[in-house]
Amino acid sequence: MTSDDGFSVELLTASAEQLADKLGIEYVTLEPDRVVGTMPVAGNRQPYGLLHGGANAALAETLGSVAAALGAGAGRVAVGLELSCTHHRAVTEGRVTGVATPVHRGRSTATYEIAITDEQDRRTCTARLTCVLRDRPPR
């Protein structure tokens, strides 16, 4: 997928040297109004064997940032400004799925809700990410 100004989604989702690759995040849907990704629990646990809250936060920010960047418009980029997460339910195995949908898409900011669910489709985390939208710096 390429935006109007030729900006490639592959650049946003490239795995080399990115946290998303380290956490095992895989993209399922890449659209400005809906970005979906999954992440394994294995390798992303805290010492008690539960999915680490920071891994949830990283999944949420990754999906929301990609969605905001896709919707930013020609010559624009999205940079995370604020992230909040509420962890509702522990997850100890399998994969979680995050779905980022817009709450607000403006000229200078975009806010996304990211709902994270377990394999039984139970909500495990709700996150809200606000990104500032800026002109892309010269390359």
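Fair warning: this is a prediction, and the values are worked out from it, not measured in the lab.

Reading guide: rules and limits
Residues numbered from 1 in each chain as written. Predicted model: local features only at pLDDT ≥ 70, side-chain atom pairs only at ≥ 80, totals over all residues. Heavy atoms only, no water. Core = buried A, V, L, I, M, F, W, Y, C linked by side-chain atoms within 4.5 Å. Buried < 20%, exposed > 50% of the residue type's maximum accessible area, 1.4 Å probe, protein only. Helix = DSSP H or I, 4+ residues; strand = E, 2+ residues; numbered from the N terminus. Contact = heavy atoms within 4.5 Å. Disulfide = S-S within 2.5 Å. Pairing = 2+ DSSP bridges. pLDDT = per-residue confidence, 0-100. Expected span 1.5 Å × (residues − 1). Polar contact = N/O pair within 3.5 Å; in protein donor to acceptor, adjacent residues only side chain to side chain. Salt bridge = Lys/Arg side-chain N within 4 Å of Asp/Glu carboxyl O.

Peer 1: Account for the nonpolar core, naming residues and giving values.
Peer 2: Counting 31 residues, the largest nonpolar core has Met39 and Ile114 as the members making the most contacts within it. Those elements giving two or more residues to this core turn out to be α2 (19-23), β2 (34-40), α3 (53-71), β4 (95-105), β5 (109-117) and β6 (123-135). When residues in this core are grouped by element, the largest group, ten residues, is from α3.

Peer 1: Could you give an account of the environment of valine 91, with specific residues and numbers?
Peer 2: Note that valine 91 resides in the loop between β3 (76-87) and β4. C-alpha of valine 91 to C-alpha of valine 41: the two residues are 50 residues apart in sequence and 7.4 Å apart in space. Apart from residues no more than four positions distant in its own chain, valine 91 is found in contact with Val41, Gly49, Leu50, Leu51, Val96, Asp118 and Thr124.

Peer 1: How would you sum up the state of the cysteines? Please name residues and give values.
Peer 2: What the rule picks out here adds up to zero disulfides. Lacking any disulfide linkage, cysteine 85 is separated from the closest cysteine sulfur, that of cysteine 125, by 4.6 Å. Residue classification places cysteine 125 among the buried residues on the basis of a relative accessible area of 0%.

Peer 1: Give a description of the pairing of β4 that names residues and reports values.
Peer 2: When β2 meets β4, the two strands line up antiparallel, connected through six bridges. The residue bridging valine 36 from the neighbouring strand is valine 99, located in β4. In this sheet, β5 lies alongside β4 in antiparallel orientation, the contact comprising eight bridges. Counterpart to threonine 101 in the pairing with β5 is glutamate 113. Turn length for the β4-β5 hairpin, with the two strands adjacent in sequence and antiparallel, is three residues.

Peer 1: So what's going on with the confidence of the model for the protein chain? Which residues, and what values?
Peer 2: Here the protein chain averages 91 in pLDDT, while 88% of its residues score no lower than 70. Within the model, the stretch residues 1-6 combines pLDDT values under 50 with eleven contacts to residues more than four positions away or in other chains.

Peer 1: Please set out α3 residue by residue, giving values where relevant.
Peer 2: Look at α3: 27 Å from first C-alpha to last across 19 residues, which is about the 27 Å you get at 1.5 Å a residue. Most of α3 is tucked away: 15 of the 19 residues are buried. Glycine 73 lies just past α3 and shows a positive phi near 100 degrees.

Peer 1: Describe in detail the side chain of threonine 124, supporting the description with residues and values.
Peer 2: Positionally, threonine 124 belongs in strand β6. By relative accessible area, which is 1% here, threonine 124 ends up buried. In contact with threonine 124, not counting residues within four places along its chain, are Thr86, His87, His88, Arg89, Val91, Ile116, Thr117 and Asp118.

Peer 1: Now, about the side chain of threonine 62: what can you tell me, with residues and values included?
Peer 2: Topologically, threonine 62 is positioned in helix α3. With relative accessibility at 16%, the residue threonine 62 sits in the buried group. Engagement of the side chain of threonine 62 in a polar contact is seen with the backbone oxygen of alanine 58, the distance being 2.7 Å. Those residues in contact with threonine 62, other than ones at most four positions away along the chain, are Ala20, Ile25 and Tyr27.

Peer 1: Account for the pattern of salt bridges, naming residues and giving values.
Peer 2: Applying the stated rule across the entire model yields four salt bridges. Close ionic contact of aspartate 135 with arginine 76 constitutes a salt bridge, the shortest N to O distance being 3.0 Å. You can see aspartate 135 sitting in strand β6 and its partner arginine 76 sitting in strand β3, a full 59 residues away along the chain. A relative accessible area of 15% means that arginine 76 is categorised as buried. With its nearest N and O atoms 2.8 Å apart, the salt bridge here joins arginine 122 to aspartate 118. On the basis of relative accessibility, which here comes to 7%, the residue aspartate 118 falls in the buried class.

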